[in-house]
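Spelled out from the first residue to the last, the chains are:
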Amino acid sequence: MGPGKELLSLGLLYMVGICLSCDQGFSGRSPKCFDINECENISENCGNHTLCFNTNGSHYCQCQSGFTNRHRKVNFTAATGQCLDDNECLGSVNICGLGGNCSNQIGSYMCICQFGYTNSSGSCIDINECSQAEGKEDLCGEGTCKNINGSYRCVCQKGYTNYGNDRTPCSKLACDSFNAHSGPAPSLGGLADILFMMRNSCLALSNPSLSGEVKADGEALLEKLFTATDDILTPGHLDSSEDVSQLLGTVENAIMLIGPQLKHNRTKIETTETDAEIAVQRGKTRPTGPVHLTNEHAALETDWTTAAGTGSYPGFAMAALLSYKNLEISVNQSFEDLTGRENDAMVLSSLNVSSKVVSVVVSNPSTQNLDRPVKITLRHLQDRKESREVEYICAYWSDRGTWSTDGCYHQLSNATHTVCTSEHLSSFAVLMALYPMKHPFGLKLVSTIGLTISLLCLILCILTFKFCRSIQGTRTTIHLHLCICLFMADLVFLAGISQTTPKGGCRFVAALLHYFFLGVFTWMLLEGVQLYRMVVLVFNATIRPLYLFLTGYGTPLAVVIIAGVIRPQGYGTDEHCWLSLEHGLIWSFFGPVCLIIIINVFFFIVTVWRLAQKFTSLNPDFSKLHKIKAFTVTAIAQMCILGLMWVFGAFMFEEGPIAVVYIFTILNSLQGALVFIMHCLLSKQVREEYAHFLSCICTPQKKRYSDFSSTNPSSSQSQGSRSGQHTGESQI
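Residues numbered from 1 in each chain as written. Predicted model: local features only at pLDDT ≥ 70, side-chain atom pairs only at ≥ 80, totals over all residues. Heavy atoms only, no water.

Draft legend 1. Region of the structure containing the overall build of the chain. In terms of helices and strands, the chain carries 20 helices and 27 strands. For the chain, the residues scored as buried account for 44% of the 732 residues in total. Pairs at least 24 residues apart make up 62% of the contacts formed inside the chain by residues separated by at least 6 positions. (Helix = DSSP H or I, 4+ residues; strand = E, 2+ residues; numbered from the N terminus. Buried < 20%, exposed > 50% of the residue type's maximum accessible area, 1.4 Å probe, protein only. Contact = heavy atoms within 4.5 Å.)

Draft legend 2. Focus on the sheet that holds strand 25 (residues 408-413). One open sheet accounts for five strands, arranged 17-18-22-26-25; its pairing is antiparallel. The sheet terminates laterally at strand 17 (290-294) and strand 25, the two strands that pair on one side only. Between one strand axis and the next, the sheet turns through 20° on average, direction left out of account. Pairing between strand 25 and strand 26 (residues 417-422): five bridges, direction antiparallel. (Pairing = 2+ DSSP bridges. Axes fitted to C-alpha atoms, helices over the stretch in contact; angles between N-to-C directions.)

Draft legend 3. Seen up close, the state of the cysteines. Summed over all chains, the structure comprises 12 disulfides. Each sulfur of the disulfide joining C140 and C154 lies 2.0 Å from the other. Here the disulfide of C140 and C154 is left-handed, its torsion about the S-S bond being about -80°. With C140 in the loop between helix 4 (129-133) and strand 11 (144-148) and C154 in strand 12 (residues 151-155), this pair connects stretches of sequence that are 14 residues apart. You'll find C140 and C154 in the same group, each marked buried. Paired through a disulfide, C175 and C202 show a sulfur-sulfur distance of 1.9 Å. Because the torsion about its S-S bond is -85°, the bridge between C175 and C202 counts as left-handed. Separated by 27 residues along the polypeptide, C175 in the loop between strand 14 (171-172) and helix 5 (191-206) and C202 in helix 5 bring together distant segments of the chain. For C175, a relative accessible area of 8% gives the class buried. (Disulfide = S-S within 2.5 Å.)

Draft legend 4. Seen up close, the side chain of T267. Within the secondary structure, T267 is located in strand 15 (residues 266-270). Take T267: its relative accessible area is 12%, and that puts it in the buried class. Setting aside its immediate chain neighbours within four residues, T267 contacts E219, L222, L262, A276, E277 and I278.

Draft legend 5. Summary view of the pattern of salt bridges. Across all of its chains, the model carries eight salt bridges by this definition. With a closest N to O distance of 3.6 Å, K263 and E219 form a salt bridge. Highlighted residues: K263 in the loop between helix 8 (241-258) and strand 15 and E219 in helix 7 (residues 218-233), separated in sequence by 44 residues. Look at K263 and you get exposed, because its relative accessible area is 56%. (Salt bridge = Lys/Arg side-chain N within 4 Å of Asp/Glu carboxyl O.)

Draft legend 6. Highlighting the packing of helix 12 (residues 474-496) against helix 14 (residues 545-566). Interhelical geometry of helix 12 versus helix 14 gives an angle of 25° and a closest axis separation of 11 Å. When the axis of helix 12 is compared with that of helix 14, the two are roughly parallel. The handedness of the crossing between helix 12 and helix 14 is right-handed. Of helix 14, the residues touching helix 12 (which contributes T474, T477, I478, H481, I484 and C485) are L548, F549 and Y553. For the contact of helix 12 with helix 14, the residue count by class is six nonpolar, three polar and no charged. (Parallel < 35°, antiparallel > 145°, perpendicular 65-115°, else oblique. Left-handed = near helix turned anticlockwise from the far one by under 90°. Nonpolar A, V, L, I, M, F, W, Y, C, P; charged D, E, K, R; others polar.)

So, in structure tokens, the structure goes:
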């Protein structure tokens with residue numbers, strides 16, 4: 001079969017197939033053809049978000065509600081378009097109403113109602129807050145509620161205000177508190193300007209016809225207030241307590257008026273003379289929770305319940321902390337109303353303000369008896385711990401223009417801060433009371449008995465050194481005048497150290513003590529010089545009496561005169577007739593004392609070193625060397641006792657522990673007895689002179705005569721040798 005025949009056969013077969021097949025949209029074999037339901041596979045034939053409609057031999061598609069064909073056709077097939085989401089929010093501007101926001105979603109939309117509107121049948125309609133609140137709550141206080149789209153506003157009558165906040169209840173304004181003519185005329189320059197400014201602001205707020213035109217600007221008004229306050233305080237301290245009371249009261253009232261007008265919840269402002277922080281909370285319900293306000297000088301801890309109070313709620317609560325940077329100078333007076341201290345003149349005279357003056361202001365109208373006390377932490381002007389001489393007192397400035405402690409309590413203090421609590425609000429400060437140092441009776445008894453014994457021993461020393469011929473010499477002269485100076489110092493100390501009045505007498509006592517105690521150390525220096533000369537020079541070791549007197553009495557006198565000329569007010573304090581610890585005057589005593597001790601230490605080191613050399617030399621004079629050694633040990637012990645006493649004395653007139661006071665008192669009281677023991681009782685020559693003197697007193701006259709007449713030559717010879725021995729020692 002050739003190629004032509006094959007092609008013919010294929011054509012015939014094709015024609016037969018066509019004649020037997022069904023049309024598109026049908027299935028089966030002709031003549032029995034059945035319609036195909038294309039909608040059974042809708043996603044393939046129509047796409048997503050569609051509706052399928054089957055027809056005889058065909059079908060068509062339509063978009064679901066919320067969707068639109070991309071070719072804008074109503075009937076289509078998958079080949080002629082797809083369904084896209086229809087953004088209803090763009091199609092109609094007010095689809096949700098005036099108070100709703102349209103949010104498009106797949107195939108639909110959602111209406112989100114704004115504050116003051118509610119959803120009703122898919123559209124947002126206005127809520128009438130005024131009608132809903134009728135009989136349930138007082139939205140506007142003393143004002144009239146007026147409904148507006150999405151909200152409401154309180155219309156205040158004259159004399160009331162909502163501080164520019166439409167939904168804040170109307171509160172009554174006390175503009176008369178800023179009237180200079182309603183009370184005593186303000187004597188303080190510049191205070192009338194503050195009153196005038198605040199009164200105009202108050203009247204503008206309380207006048208409905210003006211409050212809408214003049215928008216409240218609390219920040220600007222607050223800045224003007226503190227600028228005017230700086231102008232009052234900058235020239236210097238206020239002249240009277242009345243001026244202080246007027247200023248404090250005016251500023252507190254002004255802050256109560258300005259606080260609700262502030263835009264922010266927290267406002268801080270600092271000027272040259274003031275430092276303030278104001279916190280405001282607004283809302284339909286009373287705020288709760290703690291309130292913490294701080295600045296460099298103070299801190300306030302309270303809560304919003306206390307700040308708002310329990311009366312009618314004005315729609316806001318406010319708390320403010322204000323520190324005055326230099327007002328304490330003007331209020332460092334008027335302490336006569338302090339409870340429990342009215343009759344204590346000494347304590348009242350020592351009181352002073354020890355912190356910055358701080359005002360606490362809250363919106364609560366009832367601040368005279370708070371349900372819960374507020375806590376105020378105040379920083380001290382100077383770091384100083386509480387002690388038995390220092391007491392910190394929490395006080396407030398009363399309406400009478402004086403400091404008072406009623407309802408104000410001290411909690412705790414350290415060197416830098418004091419914590420106070422108060423049951424009412426005002427202006428607060430920490431007062432520091434200085435109490436005179438009161439030593440216990442036992443200490444006074446020890447001091448009196450010890451000094452009395454010391455004086456008696458010093459009298460014996462003076463008589464011994466003056467009339468005991470066997471020990472006369474340069475060293476004895478030094479001891480004599482050392483004891484005289486110590487006797488006078490102890491006598492003046494016993495009689496006058498606590499006699500602080502009159503002031504002139506106290507200064508004279510302090511000058512005498514300064515002079516005689518310096519004299520004691522100067523004569524002690526001369527003893528060190530004499531010992532040095534005895535060991536080093538050997539020959540011509542004596543010092544002329546004139547030089548001794550000029551040095552021993554002239555040097556202390558020169559120091560006292562110079563100190564008295566430079567700082568005479570440093571002699572005598574409120575507690576003791578001694579040198580003041582302020583301004584360095586005390587170093588006119590401790591300076592020379594330290595110098596003398598250092599020089600004497602040098603002399604004693606050289607003396608001991610030379611003594612050691614002499615003991616090891618050929619043919620040493622042991623008897624003389626042992627005496628010099630004894631003199632040196634005694635002098636070193638004396639210096640240690642006097643030096644140690646003034647080591648404790650440096651803390652005696654400060655806030656030292658009681659043990660230090662006792663140690664100083666004991667050493668000061670017994671130094672006369674120690675000098676008597678070291679220089680008299682421990683000296684063999686002096687003991688023999690005492691024995692001889694007592695024997696002369698106690699032995700009858702006849703027996704003494706018979707003993708004298710029967711004295712044999714050997715005893716005379718012995719007495720002569722002893723006298724010679726004494727004479728040799730006296731030369732030393």
